[in-house]
Amino acid sequence: MTTVVYDGSFEGLLSAVFEIYEHGFKDVELAAEGRLQHAIFGDQYSVTTNEANAARVWKGFKAKASSNAVTQVYRSWLAELPGMDNTIYSYMRYAFDSKLNMEKDFTHPAVLRIADTAKKVHREKHRMEAFIRFELTADQLYFAIIEPDFNVLPLIKPHFESRYADQRWMIYDARRRFGLYYDLQKVETVQVAFDSETSTGRNIAAVYDEKEALYQKLWQNYFSSINIKSRRNMKLHIQHMPLRYWKYLTEKKG
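Here the structure is a predicted model, which is why all the values come from computation and not from measurement. (Residues numbered from 1 in each chain as written. Predicted model: local features only at pLDDT ≥ 70, side-chain atom pairs only at ≥ 80, totals over all residues. Heavy atoms only, no water.)

Colleague: Describe in detail the nonpolar core, supporting the description with residues and values.
Modeller: Core analysis: the largest hydrophobic core is formed by 53 residues, its most contacted members being F61, Y91 and I171. Of all the elements, helix 1 (residues 10-23) adds the most residues to this core, at seven residues. Residue contacts for I171: discarding those within four places in its chain leaves I132, F134, A144, I146, L153, I156, F160, F178, G179 and L180. Grouped together as the second largest cluster of nonpolar side chains are eight residues, L141, I145, Y172 and V190 included. (Core = buried A, V, L, I, M, F, W, Y, C linked by side-chain atoms within 4.5 Å. Buried < 20%, exposed > 50% of the residue type's maximum accessible area, 1.4 Å probe, protein only. Helix = DSSP H or I, 4+ residues; strand = E, 2+ residues; numbered from the N terminus. Contact = heavy atoms within 4.5 Å.)

Structure, rendered in structure tokens:
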């Protein structure tokens, strides 16, 4: 067994796949730096991320797999689940070695896991696009905070970039501590140093625009007015809007 160690990035993973083929490693296990469990037996090989090698692997995979399979692999990577790097390697190896389309072969454990995980990430993406609530700060920045189960910021970027092109906004992932910032020209990935008062971005009431509290109250009143108690189905409501999202929804505050 050879443990192939990479830097934990997607480009690093693809670079590791390149090195595995380059050196003819057969029995391998991938491990990200910082999450390596040293084994008593076996060798260890460290990979330096190489963008050119990563691009070659990704291009080769796109030539062997459908666009849907490529999307599924990327979404599965964003799930950040334990062992997903090895699942992706197994999936890609199966694609490279197969003469026929293999993405529907759910008897293969990697194919099944990739398909299942990609669906969950896609569902989370759509929920974020529907449930994000912006709050206006004093410097006219529309700010929203999220804590999704999966790293969906890269997936929701096109939606908000096209839909909110006329206003400055930031969507901040408090769990992963980075965000997307749109300055009316382009969207950039940013990291923010919040002070203690904003509680790592979870409480920005101190920097609200003076009308923001009124807007939130009107929004809450609107939802209250359209809520017909006799037709309330809380079980169905939670099914479509899970409780874990409520703390950042304006209509659920208070």
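More follows now that the structure is in view.
Colleague: Go over the side chain of Q72 with me, naming the residues and quoting the values.
Modeller: Structurally, Q72 is set in helix 3 (residues 67-78). Residues within four places of Q72 in sequence aside, it is in contact with Y91, I114, A115 and A118.

Colleague: How would you explain the sheet that holds strand 3 (residues 43-46) if you had to name every residue and give the values?
Modeller: On the basis of which strands lie adjacent, the open sheet formed by three strands has the order 2-1-3 and parallel pairing. Looking at strand neighbours, the two that pair on one side only are strand 2 (28-32) and strand 3, the edges of this open sheet. With direction set aside, neighbouring strand axes in the sheet form an average angle of 25°. As judged from the five bridges shared by strand 1 (residues 2-6) and strand 2, these two strands associate in the parallel manner. Its bridge partner being in strand 2, Y6 is matched across the sheet by A32. The strands touched by helix 1 are strand 1, strand 2 and strand 3; relative to strand 1, the strand with the most contacts, the crossing angle is about 145°. (Pairing = 2+ DSSP bridges. Axes fitted to C-alpha atoms, helices over the stretch in contact; angles between N-to-C directions.)

Colleague: Any chance you could break down the packing of helix 2 (residues 51-64) against helix 3 for me, citing the residues and the numbers?
Modeller: In the contact formed by helix 2 and helix 3, the axes pass within 8 Å of each other and the chain directions differ by 135°. In terms of orientation, helix 2 and helix 3 fall into the oblique class. At the point where helix 2 passes helix 3, the crossing takes the right-handed sense. Contacts between helix 2 and helix 3 pair W58, F61 and K62 from the former with A69, V70 and V73 from the latter. (Parallel < 35°, antiparallel > 145°, perpendicular 65-115°, else oblique. Left-handed = near helix turned anticlockwise from the far one by under 90°.)

Colleague: Could you give an account of the packing of aromatic side chains, with specific residues and numbers?
Modeller: Here a ring pair, both rings aromatic, is described through the centre-centre distance and the interplanar angle of the planes. According to the stated counting rule, one finds 14 aromatic pairs in the structure shown. Aromatic pair F10 and Y74: ring centres 5.7 Å apart, planes at 65°, arrangement edge-to-face. A residue pair is termed long-range when its members are at least 10 positions apart, and F10 in helix 1 and Y74 in helix 3 qualify at 64 residues. Note on F10: relative accessible area 11%, which makes it buried. The partly exposed category is assigned to Y74, whose relative accessible area is 31%. On the numbers, 6.4 Å between centres and 50° between planes, the contact of F134 with W169 is tilted. (Phe/Tyr/Trp six-rings, centres within 6.5 Å; stacked < 30°, edge-to-face > 60°.)

Colleague: Describe in detail the sheet that holds strand 7 (residues 178-182), supporting the description with residues and values.
Modeller: Read across the sheet, five strands follow the order 4-5-6-7-8 without closing on themselves; strand pairing throughout is mixed. The sheet is open, and its two edges are formed by strand 4 (135-136) and strand 8 (187-190), each paired on a single side. Relative to strand 6 (residues 169-173), strand 5 (residues 142-146) runs parallel, the two sharing five bridges. Opposite A144, over in strand 6, you have I171 as the bridge partner.

Read these as layout, nothing more, since geometry by itself doesn't imply function.
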